[in-house]
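What follows is the residue order along each chain.
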Amino acid sequence: MSGRAAGVLLLLLMLLLAAAPPAAPAPVDDCRSTKLATARVSTWVLLEHGNRTSTKVRSELRVEVPAAWPFARNLLLSEESPEYIRAMACITRPQVGQHRLWSEWRDGPPEVTAEKDGGVTVVDRTHTWVNVQDTVHAGVWRVRATDDRWTIGLDVPRALAGARWTEIKVDPGGPGAETATPMPDGGEGATALLWHPAPSSTKKPAARNPTKGTATKKPAVEKGTADKGAAEKGRQKAAAKAAATKPVPAVSVRLKPSWQRSWGARNNRPVVALLDRSGYMVSGVLTSALLLYGVVLYRRRSTAPTARQDRTLRNLAQWAMASVLLGLLIDGRAVLQQYGEELRDDVFWQNDLALRDHGFALAFVAVLLTSARPTPRVWAALACLTVPPLLVATAPGTFDLRSEALFRASGLALAAETTASVCLFALCSLAWAAAAWRLATDGGLLPGSRRFPGNDRVLRLRVAGPAVLAWTILVSAFFALTEERAWQRASWLSDRSVPQYGRDHWNNFVWESLFSVPRAQDWLSSYLWLLTAVAMLAVLRARRSATAVSPLEEPADRLLVVTFFGVVVTLPGGYVAGFGTISLLWQLLGMLALYGFVAPFAGRSALSQPLEGSGRPLATVADAAGRATLLDKSRSYREIHAELRRLDQGMFGDVPPKRSNLERRLSNLHDWPPTPPAPGFADRLPAKISVVDAALALGPRDTWWANGSRCARLSLIPAVPASFLMIWVWHIRGEGWAGILSDQFGVPSLLLALVGWMATWTGAAFVLGALWRRLPGQRGAAKALPVTLAFALPAAADGLVLHFTDESTAGIALAVSTMLFVLTVTAIAMDFDTFRTERRYWQSRMGLLLSVYQMRYYSLQFAYLIAQIVAMISIWQFLAEPDSAPQPPEPKG
């Protein structure tokens with residue numbers, strides 16, 4: 001029995017051994033890590049917090065690859081070479097695989113330098129921004145951002161785990177690290193921490209002998225000291241071996257960022273998204289409320305409106321309500337998207353993504369079309385463009401766009417979603433253009449039809465269709481190029497020989513095409529303020545008071561002009577610490593500044609001065625006929641003054657004119673017959689106002705609307721270089737160009753930015769011309785100051801807030817200086833245009849301008865010196881922060 005029992009036990013033991021799982025195979029070392037034991041590695045990471053909205057992380061990894069590593073020569077190949085990708089991935093990536101790091105950025109490929117000993121030195125510089133509460137990567141470093149604490153960690157590449165790490169440096173920036181694990185060996189500067197796992201003085205291995213294939217070392221012993229040298233040599237070998245085998249410390253540094261940078265890293269939080277969008281929604285609601293109140297004021301007028309006046313007023317009321325709905329659609333969708341990402345709701349976030357985004361986009365177009373009222377042919381084109389996105393939104397499974405099918409990367413999914421996205425963009429663009437066209441034509445802002453005189457121009461499909469098609473192709477082409485560039489940036493160390501790479505590439509483009517729908521709408525909706533401006537201008541042109549000297553005298557006109565300035569001219573500031581909750585304040589401040597800098601000083605304008613006699617303001621008698629009389633008297637006034645100057649200089653002949661006669665003629669020019677004439681006495685111009693001053697105060701046109709329109713046209717010439725200057729400052733200078741190239745709509749956005757800046761300058765010029773007759777000052781350069789100050793006050797307030805939050809203020813001072821330049825040049829052109837009928841009598845425009853201003857050579861030189869000083873101050877302010885990237889202004893709501 002005992003033998004049989006032993007046999008059974010032996011059999012059971014054998015069965016158990018047979019059933020035991022085999023030992024796990026040793027991991028395959030594809031990178032030949034053992035050959036990198038003598039590599040010398042150093043790295044550092046730096047966090048830059050100041051003068052920016054989001055903290056920038058910069059890092060560097062330096063690896064001195066020995067010649068003994070089999071893949072060292074591969075690093076000298078092209079960046080597109082599979083051997084190069086494999087070798088570079090071994091020394092720069094902590095994990096093997098496809099290596100997709102979307103948050104990592106670099107200015108160029110790693111620097112690779114061949115050494116004389118056959119080794120290779122690799123320097124990899126990367127950067128990223130902590131702009132989300134998540135983990136971002138920069139080379140071998142990662143930064144994990146939470147609510148109030150950030151953690152910096154080192155991800156050691158597996159192939160370099162046994163190498164000699166000579167120095168590891170972490171500089172968390174001010175105020176410094178809160179904790180560090182393990183404790184550092186030392187420090188550098190005020191906040192940098194240092195670790196030295198291996199002594200940096202360890203001898204570098206000698207070059208491999210290409211003939212023998214073995215490493216040789218240069219003898220370091222002197223004659224007669226062989227034993228002592230051998231002992232020292234042995235100690236060095238032992239130290240080098242110990243340093244090489246010492247594990248790399250798992251460096252982890254914890255810091256508490258400032259509240260400004262902490263808030264700037266919460267862009268992906270739903271609460272912050274709500275705070276950010278709430279500012280724009282409230283600003284849109286306030287603007288719409290002001291527009292509706294303006295409609296009420298216009299309807300209270302006793303005079304019956306004409307058909308055009310009624311249309312423009314109805315359009316303004318419709319657009320005021322439509323803009324609120326559009327803001328709720330755009331901003332509400334963005335907030336819902338953040339909450340969907342936070343909840344990770346598969347039904348809401350993935351499976352119905354096309355239905356949600358396409359549905360919001362189609363609703364956006366529908367609201368725009370309520371103000372467009374296009375022609376039947378345009379309606380037909382809009383209907384055709386609606387079909388593809390509607391099919392994709394209602395039946396995503398048919399086109400393999402469900403979340404479980406999307407990762408199969410079918411060609412049908414790519415074709416369907418790309419077509420739907422392109423059609424939606426063209427649909428939004430055409431609806432936007434149709435709405436702008438309707439608002440402009442109903443207000444008479446566009447020239448009438450040539451084929452049918454007396455009728456408004458019609459938006460024809462044969463013109464609008466190709467224009468929208470060309471615009472869509474341009475945007476789509478840059479979108480595809482930018483997306484491909486982003487993919488290559490994130491996957492530059494991926495293995496492109498495996499099928500998964502192609503599937504992931506395909507998949508990524510499908511997803512980005514789907515996500516481009518809400519992003520494109522956000523982009524286009526940021527310029528809806530242009531439609532608001534057109535609607536206000538249409539009402540001002542059609543319903544303005546015909547008898548008012550300026551829009552300040554009539555409540556409805558005053559409200560619309562002030563609102564126009566706040567919406568169009570005021571810089572869209574208030575984007576602080578990553579959200580725009582207080583953006584509403586800057587628009588209100590701009591409106592109040594315009595009224596505050598103009599209305600209290602209107603009594604000091606030339607036309608507000610009383611006539612000597614009746615005591616009535618000069619503005620009450622300066623009608624169209626009075627303008628013509630003033631222009632004639634102004635010419636005589638300047639000719640008599642020229643005679644007086646020649647008389648003072650002794651430039652007359654034998655019989656010079658009597659000075660008393662010339663002065664009497666000047667005095668007679670101030671006589672002004674009242675309109676209607678008052679019996680018993682005659683009026684005279686105010687003592688401090690000459691006929692030239694009175695003519696310049698009236699402007700080149702007979703009404704304030706005509707002056708505003710003329711001033712806006714005259715500003716187009718200086719506005720073009722000013723717009724290009726602002727685009728360079730806000731969008732291209734510093735890190736701006738890299739941001740433009742990485743944005744899917746970056747390059748096309750420069751075109752819309754150009755339109756936006758042109759509207760800003762010309763809008764300010766329109767306000768200047770409309771208020772021309774009530775602005776203080778006797779010359780145009782002085783009249784430009786109040787409008788410039790109204791523009792500068794909210795800009796200065798925004799600069800103060802940005803300074804408090806330690807964000808970049810570069811460009812604000814230059815924007816104010818540029819506005820002063822544009823308005824000053826435009827105002828001088830307005831003065832010149834006032835006497836344009838005398839141009840044929842002068843050899844040059846400058847001669848006429850100097851005659852109007854009564855300027856001579858000394859005065860011109862003095863003005864030129866002042867302009868030089870202002871230019872130098874502006875350039876100094878502009879170059880004060882050469883290394884900082886200006887924060888682009890948020891789009892106007």
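Residues numbered from 1 in each chain as written. Predicted model: local features only at pLDDT ≥ 70, side-chain atom pairs only at ≥ 80, totals over all residues. Heavy atoms only, no water.

Undergrad: Looking at this structure, I do not really get the pairing of strand E8 (residues 164-171). What am I missing?
TA: Working note: regular strand, side chains alternate between the two faces of the sheet. Counting buried positions over the 8 residues of E8 gives 6, a clear majority of the element. For E8 and strand E11 (residues 192-195), the ladder comprises 3 bridges, and the chain directions are antiparallel. Each bridged residue has a counterpart across the sheet, and for Ile168 the counterpart in E11 is Trp195. (Buried < 20%, exposed > 50% of the residue type's maximum accessible area, 1.4 Å probe, protein only. Helix = DSSP H or I, 4+ residues; strand = E, 2+ residues; numbered from the N terminus. Pairing = 2+ DSSP bridges.)

Undergrad: It is not clear to me how a nonpolar patch on the surface should be interpreted in this structure. Could you clarify?
TA: On the surface, Val271, Leu274 and Tyr339 cluster together into a nonpolar patch covering about 250 Å² of accessible area. Counting through the fold element by element, Tyr339 comes out in helix H6 (residues 307-343). (Patch = residues over 30% accessible without salt bridge, like charges linked within 9 Å, V, L, I, M, F, W, Y side chains within 5 Å. Areas by Shrake-Rupley, 256 points an atom, 1.4 Å probe, with all protein chains shown as cover. Salt bridge = Lys/Arg side-chain N within 4 Å of Asp/Glu carboxyl O.)

Undergrad: Explain the state of the cysteines here, please?
TA: Working definition: the covalent bond between the sulfur atoms of two cysteines is a disulfide. Within the structure shown, the criterion is met by 1 disulfide. This cysteine, Cys384, is not joined by any disulfide, and Cys423 carries the nearest cysteine sulfur, 9.6 Å off. We classify Cys384 as exposed; its relative accessible area is 56%. (Disulfide = S-S within 2.5 Å.)

Undergrad: Even after reading the chapter, I still don't get helix H23 (residues 746-770), so can you show me in this structure?
TA: For an α-helix, 3.6 residues make a turn, and residues three or four places apart therefore share a direction. If you check H23, its first and last C-alpha atoms are 35 Å apart, about what 25 residues at 1.5 Å a residue would give, namely 36 Å. With 21 of its 25 residues buried, H23 lies for the most part within the structure. (Expected span 1.5 Å × (residues − 1).)

Undergrad: How do you make sense of the sheet that holds strand E12 (residues 252-255) when you look at a structure like this?
TA: Either a parallel or an antiparallel arrangement is found when strands of a sheet pair, and the pairing is made through backbone hydrogen bonds. One open sheet holds the 5 strands; their spatial order is E5-E6-E7-E12-E9, and the pairing between them is antiparallel. Each edge of the open sheet carries a strand with a single partner, namely strand E5 (135-138) and strand E9 (179-181). For this sheet, the mean angle separating the axes of adjacent strands, direction not counted, is 15 degrees. Relative to E12, strand E7 (residues 150-154) is paired through 4 bridges, and the arrangement is antiparallel. (Axes fitted to C-alpha atoms, helices over the stretch in contact; angles between N-to-C directions.)

Undergrad: Help me understand unusual backbone geometry, please; the structure alone is not making it clear to me.
TA: Apart from glycine, the bulk of residues carry a negative phi angle, and the bulk of peptide bonds sit in the trans form. Looking along the chain, the bond that leaves Gly174 and enters Pro175 is cis, with omega of 5 degrees. One can find Pro175 in the loop between E8 and E9. The phi angle at Arg32 is positive, at roughly 55 degrees, despite the residue not being glycine. Mapped onto the elements of the fold, Arg32 is located in the loop between helix H1 (2-19) and strand E1 (40-48).

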